[in-house]
Amino acid sequence: MKRIVTAFAALFGLATGAQAQDEVKLGVLLGFTGPIESLTPQMAWGAEYAAREATESGAFMGGSSVAVVRGDSTCIDSAVATAAAERLVTSDKVSGIVGADCSGVTGAVLQNVARPNGIVMISPSATSPALSTAEDDGLFFRTAPSDARQGQVMSSILMDRGVETVALTYTNNDYGKGLADSFAAAFAEDGGTVTVSLSHEDGKGDYSAEVGALASAGGDALVVAGYIDQGGLGVIQASLDAGAFETFVLPDGMIGPSIIENIGGDLEGSFGQMPGSDSMAGMVLVDAAAADGIDGTTIYVAESYDAAALIILAMQAAGSHMSEDYKSKIFDVANAPGEPILPGELGKALEILAAGGEVDYVGASDVELIGSGEAAGKFQEVEVANGEFVTIGYR
Amino acid sequence: MDFLNAAAAFANFVLVPGFSYGSQLALGALGVTLVYAVLRFANFAHGDTMAFGGMTAVFGTWWLQSRGIDLGPLPTTLIALPFSIVATIGLVLLVDRLIYRHYRRVKAPLVTFVIVSFGVMLVVNGLVRLIIGPDQQRFADGERFIVSAREFKSLTGLQEGLAFKTTQGITIVAAVVLMAMLFWFLNRTRTGKSMRAYSDNEDLALLSGINPEKVVALCWIIAGGLTAVAGVLYGLDKIFKPFTYFQLLLPIFAAAVVGGMGNPIGAVAGGYLVAFSEIGITYAFKKVVNHLLPQAWEAQGLLQLLSTEYKFAVSFVMLVIVLLLRPTGLFRGRAF
């Protein structure tokens, strides 16, 4: 018995000792169950691919490897997400977290786990503007743009088109309210007028009452910060039926082929914006994913890869896998100056950093960190013409 | 001062939607009130039976469209409507035979019937979502407008548009025709009179040789037909989505109770009253008032009594007020 215990102790000691030397663990905290479970396996693949690339290059912290441990954030249940993150940090001893995914659980994990334990987390997909101002001790970053940024982009698109008064309706949840508030603030700053800001509930059969109030307030166009298969569609249909508005401004949640199928020709001339980049770098990742039998074209795969890559590069730049040491390096590796780094070039970046050089990580989603550490975000301006969304340009 | 523009805006956003929504509620409330009059319980399954009627019409329309059959400017659904009525009547008769009849035989207290109807509601709700799915379906075709807002503007030269949808026209016409037929049936035919007699005094009706099972079956047939039409028209005019019919239950009950439970005239009046209250109280009158007032007095606010989020609260409040102050309803139905 004694011998067995000693053997176990020796084994355990060996294992942990080995880890501390040449294996760095990275947590991937995404909603593998829940409302976005169809997207998260691909996102996790993105993060794991970055880890594999760094390991295989052999250049990461003198030949260390990066191992990935998954945790389930559920996207909606903050208590479960917090417990999963706690497990990653205290039991798996991860050195950084890629996640969480949805804005609500991300905020909860940041406050309850990341800050108390001093662990860096980079979310690939949380877009709530509230996260920009959350207390984070310099530990929280995101490779997805805040909806505050989208509000500014939408406002400048409207100004460029000479639309100065709009009515605004939003779906009554964190996404809709956050986007509506940031847009209203940006639009007022640019000199525009929001005649009314009215929420709508999803899943109703009839939106004529909402449209009546919006029409009374008036405006040259109607901004619909809603969902394409839900209330947003209903509001647009009811507006067209009543002749209340003819031009609609559509943010990311409203853009897709189904809305043109459902509304038809009356949508001609409406416009909007969605996250999108004209860089071809993302294709490298899509091809690599296809080789692993994964569909890399779904949303936020590139952002997940970039989130993991940023943590790895920052560790290299700091020469340490302790969050306390490398958290200040994330901005350095993400932004200029330095050698631009595309996906698939992590090995090169690691070597440059090891030699004391500087890198400007571009990655698959054109990473540029601004403000408190969030992606500047490139947006694609689109307009409905001849029955489809046509790209006007990038902002 | 611009009376015509004010009138057009008011008609576009209050009158026309109010009349079509009111017609849909009135048809629904008539079904609820008939079941209450004859079987003496509030049928919670009504909303979801409407969804069932709507669903059968959707399938019928799709089948007709796949065969290339249409009605030109009118929606194809009108051909599928009889099929939907028959299917819905079949459903309610089946439910009555399998479930309610048992409770009538054991002379269960009325509250049991209410709870049983709640169970039926859950089952029908699940059935509909199982068959057609929880998503919204479009099945309207044909000409969308009798007069569109744009046409109205160029026709009259007014600043305000007035849209009148084909589906709104069909809804109002169908409701008026059905109501006229129902009242004629109840007041002029022998069978209708026997139904009313049964409803007024069950024992006396039995003594005079009226067959209760026949009256009950007839009641379900009429209520089922009205339910199907109401469900199809609502789906046609707004959108077909199973869950919205469940939400519709509250305004329908409010309409039936406000008018007087068990009183068909009350159900019709209640339907329009609830519809106009919901729309009138949540409508922002800014535009209408500004057309009427001189420019110097122009209103800046929306002039809205209650935000549109509280639309359903209006019918709830009406329900509570009527139950507190006049439980028999405006037209002296039974106390609910």
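In what follows, the structure referred to is the one given above.
Just so it is clear, the model here is predicted, and its values are computed rather than measured.

What counts, and where the lines are drawn
- Residues numbered from 1 in each chain as written.
- Chains lettered and ligands numbered in written order.
- Predicted model: local features only at pLDDT ≥ 70, side-chain atom pairs only at ≥ 80, totals over all residues.
- Helix = DSSP H or I, 4+ residues; strand = E, 2+ residues; numbered from the N terminus.
- Rg over C-alpha atoms; globule rule 2.2 N^0.38 Å.
- Buried ≥ 20, exposed ≤ 12 C-beta atoms within 10 Å, placed from the backbone.
- Contact = placed C-beta atoms within 7 Å.
- Nonpolar A, V, L, I, M, F, W, Y, C, P; charged D, E, K, R; others polar.
- Core = buried A, V, L, I, M, F, W, Y, C linked by C-beta atoms within 7 Å.
- Pairing = 2+ DSSP bridges.
- Axes fitted to C-alpha atoms, helices over the stretch in contact; angles between N-to-C directions.

Caption draft 1: Region of interest: the overall build of chain B. Within chain B, the regular secondary structure consists of 13 helices and 2 strands. In summary, chain B has a C-alpha radius of gyration of 21 Å against a globular reference of 20 Å for 336 residues, a match within 12%. For chain B, with 336 residues in total, the buried portion stands at 49%. Here the analysis covers contacts within chain B between residues at least 6 apart in sequence; of these, 75% occur between residues at least 24 apart.

Caption draft 2: Highlighting the environment of Ser155(A). Residue and element names in this part refer to chain A. As for its placement among the helices and strands, serine 155 is situated in helix H5 (residues 147-160). Classification of serine 155 as buried rests on a count of 25 C-beta atoms within 10 Å. The spatial distance from the C-alpha of serine 155 to the C-alpha of glutamate 189 is 9.2 Å, given a sequence separation of 34 residues. In contact with serine 155, other than residues within four places in its own chain, are Phe183, Ala186, Phe187, Asp190 and Gly192.

Caption draft 3: Structural context of the interface of chain B and chain A. With 26 residues of chain B in contact, the opposing surface of chain A contributes 21 residues. In terms of residue count, the dominant contributor to the side of chain B that touches chain A is helix H1 (residues 3-39) of chain B (3 residues). Residues of the side of chain B that touches chain A, tallied by class, amount to 10 nonpolar, 7 polar and 9 charged.

Caption draft 4: Looking closely at the nonpolar core. Core analysis: the biggest nonpolar cluster contains 145 residues, and Val224(A), Val249(A), Ala26(B), Val38(B), Cys219(B), Val229(B) and Ala255(B) have the highest contact counts within it. Take this core: its biggest share by element is 18 residues, from H1(B). Non-local contacts of Ala26(B), meaning those with residues more than four positions away in its chain, are made with Ala175(B), Ala255(B), Ala267(B), Val268(B), Gly271(B) and Tyr272(B). One finds Leu285(A), Ile294(A), Ala307(A) and Ala309(A) within the second-largest nonpolar core, a separate group that totals 81 residues.

Caption draft 5: The arrangement of the sheet that holds strand E1 (residues 23-30) of chain A in detail. Residue and element names in this part refer to chain A. Strand order across the open sheet formed by 7 strands is E2-E1-E3-E4-E5-E14-E13, with mixed pairing between neighbours. With partners counted over all chains shown, the strands left at the sheet margins are strand E2 (65-72) and strand E13 (369-370), one partner each. Sheet topology note: the strand E3 (residues 96-99)/strand E4 (residues 120-123) ladder contains 3 bridges and is parallel. Residue pairing for E4: glycine 96 is matched across the bridge by valine 120. Where helix H3 (residues 78-91) meets the sheet, its contacts fall on E1, E2 and E3, and the angle it forms with E2 comes to roughly 155°.

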